[in-house]
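Letter by letter, the chains look like this.
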Amino acid sequence: MDYLNLLKSCVLCPHKCKANRLAGEKGICKALSSVEISSAMPHHGEEPPISGSKGSGTIFFGRCNMNCIYCQNFQISQEFMENDFKKASIEELAEIMKGLQKLGCHNVNFVSPTIWIPQIIEAIKITRGAKEMTIPAVFNSGGYENPAAIKLLKGFIEIYMPDIRYGNNDNAYKYSGVKNYVENNRKSLIEMYSQVGGLETDKKGIATRGLMIRLLILPNNISNVKKSLDFIKNELSTDVYISIMAQYRPLHKAQCFPELSRKINYDEYSNIINYAEKLGFYKGAIQEFENSGPEEDLFIPDFNEKEVFRYKKNS
Ligand code: SF4
């Protein structure tokens, strides 16, 4: 199957624009057929099973199918110039993936991959067909997925790392401009779990396969994280690795929304951690709340800089 044909009537995400991207038609994300890449590098700021000691081979794609008013990657997801990205063919994407493996990275980590699923599959086919990429492929997304598109990834992706941003569709629409987030997100996560199961690691604790879910806590219970934890326990399993994130910062347009114009507080964070423990989750990462202070801002990217993350510059 030539997966690029899916671009002739694009329904890769729940927006289902049906744009013919091969013929130059643009849907909501405005992506066409050439992959657009902002940067590719070993990244040491992901969760320990993903970054390990040698880094996660991270490919930051341009554009996104979500429009989050607080996006920490807004420079490459929303506010960019058309020529800010490297336009890559499938073969060039495959070369970048092989290069990250040569650098010793533990995996190839596709960030904001949803709108580029066909191109990613074709590049994986090249690298795996020639046995030139043996490390796992990571699908690292905001979680606004079409479950039918996730089905296509079976056998190509070893590690899924989606967000659950919201447990409430009204908030998803208000703050990220997406409709029916909750149903599409949950059905897609069920499909992901059916493909790869709970997170598996090697003897060194490096992820080899499985599902890792990120839960970003937004102020004032806007993300309804408890509802999402209930879903994971009831519809998936407590063997899923959960990453509960305290790092929210009111970036991009968030200062225009008073309810999102501050960091989260200790009570908001500990309340979620206690609830997750009560439900029986036992695999995961939590950020020490003290560490969500200024030093944690070192992990907020700046895509206008040559070195995207400051933690790297200071090391
Ligand atoms: S990826 Fe989603 S937003 Fe982009 S054209 Fe396809 S359906 Fe529309």
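Right above here is the structure, for reference.
Residues numbered from 1 in each chain as written. Predicted model: local features only at pLDDT ≥ 70, side-chain atom pairs only at ≥ 80, totals over all residues. Heavy atoms only, no water.

Caption draft 1: Geometry of the overall build of the chain. Helix and strand counts for the chain stand at 10 helices and 10 strands. Over its C-alpha atoms the chain spans a radius of gyration of 18 Å, differing by no more than 12% from the 20 Å that the globule rule assigns to 315 residues. Overall size of the chain, expressed as C-alpha extent along the three principal axes, is 50 × 45 × 40 Å. Considering the chain as a whole, with its 315 residues, one finds that 57% of them fall into the buried category. Partitioning the intrachain contacts of the chain with sequence separation of at least 6 by distance along the chain shows that 70% fall at a separation of at least 24. (Helix = DSSP H or I, 4+ residues; strand = E, 2+ residues; numbered from the N terminus. Rg over C-alpha atoms; globule rule 2.2 N^0.38 Å. Buried < 20%, exposed > 50% of the residue type's maximum accessible area, 1.4 Å probe, protein only. Contact = heavy atoms within 4.5 Å.)

Caption draft 2: Seen up close, helix 4 (residues 117–129). With 13 residues, helix 4 extends 18 Å from end C-alpha to end C-alpha; this agrees with the ideal 18 Å at 1.5 Å per step. One or two steps after helix 4, the chain reaches lysine 131, where phi turns positive at roughly 55°. (Expected span 1.5 Å × (residues − 1).)

Caption draft 3: Looking closely at the environment of isoleucine 206. Take isoleucine 206: it is sitting in the loop between strand 7 (200–201) and strand 8 (207–216). On the accessibility criterion, isoleucine 206 (9% relative accessible area) is buried. In contact with isoleucine 206, other than residues within four places in its own chain, are Pro48, Pro49, Gly52, His106, Glu200 and Thr201.

Caption draft 4: Spatial organisation of the packing of helix 3 (residues 90–102) against helix 4. One can describe the packing of helix 3 onto helix 4 by two numbers: an axis separation of 8 Å at closest approach and a directional angle of 60°. Overall, the two elements helix 3 and helix 4 adopt an arrangement that is oblique. The crossing of helix 3 and helix 4 is right-handed. Together, Ile90, Glu91, Leu93, Ala94, Met97 and Lys98 of helix 3 and Gln119, Ile120, Glu122, Ala123, Ile124, Ile126 and Thr127 of helix 4 make up the contact between the two elements. Among the residues making up the contact of helix 3 with helix 4, the classes are represented as eight nonpolar, two polar and three charged. (Axes fitted to C-alpha atoms, helices over the stretch in contact; angles between N-to-C directions. Parallel < 35°, antiparallel > 145°, perpendicular 65-115°, else oblique. Left-handed = near helix turned anticlockwise from the far one by under 90°. Nonpolar A, V, L, I, M, F, W, Y, C, P; charged D, E, K, R; others polar.)

Caption draft 5: Geometry of the environment of glycine 45. Positionally, glycine 45 belongs in the loop between strand 1 (35–43) and helix 1 (48–51). Linking glycine 45 and serine 56, residues 11 residues apart in sequence, is a C-alpha distance of 8.5 Å.

Caption draft 6: Local environment of the pairing of strand 1. Here strand 1 pairs with strand 3 (residues 86–88) via three bridges, running antiparallel. Counterpart to glutamate 36 in the pairing with strand 3 is lysine 87. Of the pairings in the sheet, the one linking strand 1 to strand 2 (residues 56–61) comprises six bridges and is antiparallel in character. Bridging from a neighbouring strand, methionine 41 pairs with threonine 58 of strand 2. (Pairing = 2+ DSSP bridges.)

Caption draft 7: Here's a closer look at the packing of aromatic side chains. Applying the stated criterion to the full structure yields eight aromatic pairs. For the ring pair tyrosine 166 and tyrosine 181, a centre distance of 5.6 Å and an interplane angle of 90° mean the geometry is edge-to-face. Of the two residues, tyrosine 166 sits in the loop between strand 6 (159–162) and helix 6 (169–176) while tyrosine 181 sits in helix 7 (residues 181–196), which places them 15 residues apart along the sequence. Here tyrosine 166 matches tyrosine 181 in class, with each residue buried. Consider the rings of tyrosine 175 and phenylalanine 257, whose centres lie 5.7 Å apart with planes at 70°: the pair is edge-to-face. Within this pair, whereas tyrosine 175 is found in helix 6, its partner phenylalanine 257 is found in the loop between strand 9 (241–245) and helix 9 (266–279), the two being separated by 82 residues in sequence. (Phe/Tyr/Trp six-rings, centres within 6.5 Å; stacked < 30°, edge-to-face > 60°.)

Caption draft 8: View of the packing of helix 7 against helix 8 (residues 225–235). It is at 11 Å that the axes of helix 7 and helix 8 come closest, and there the two elements cross at 35°. Seen along the crossing, helix 7 lies across helix 8 with a hand that is right-handed. Here Arg186, Leu189 and Ile190 of helix 7 lie close against helix 8, whose contacting residues are Lys227, Ser228, Phe231 and Glu235. Split by residue class, the contact of helix 7 with helix 8 holds three nonpolar, one polar and three charged.

Caption draft 9: Region of interest: the nonpolar core. By size, the foremost hydrophobic cluster in this structure holds 62 residues, and its most contacted members are Ile59, Leu229 and Ile232. Formed by 19 residues, the second largest nonpolar core is a distinct cluster that contains Tyr144, Tyr166, Leu216 and Tyr248. (Core = buried A, V, L, I, M, F, W, Y, C linked by side-chain atoms within 4.5 Å.)

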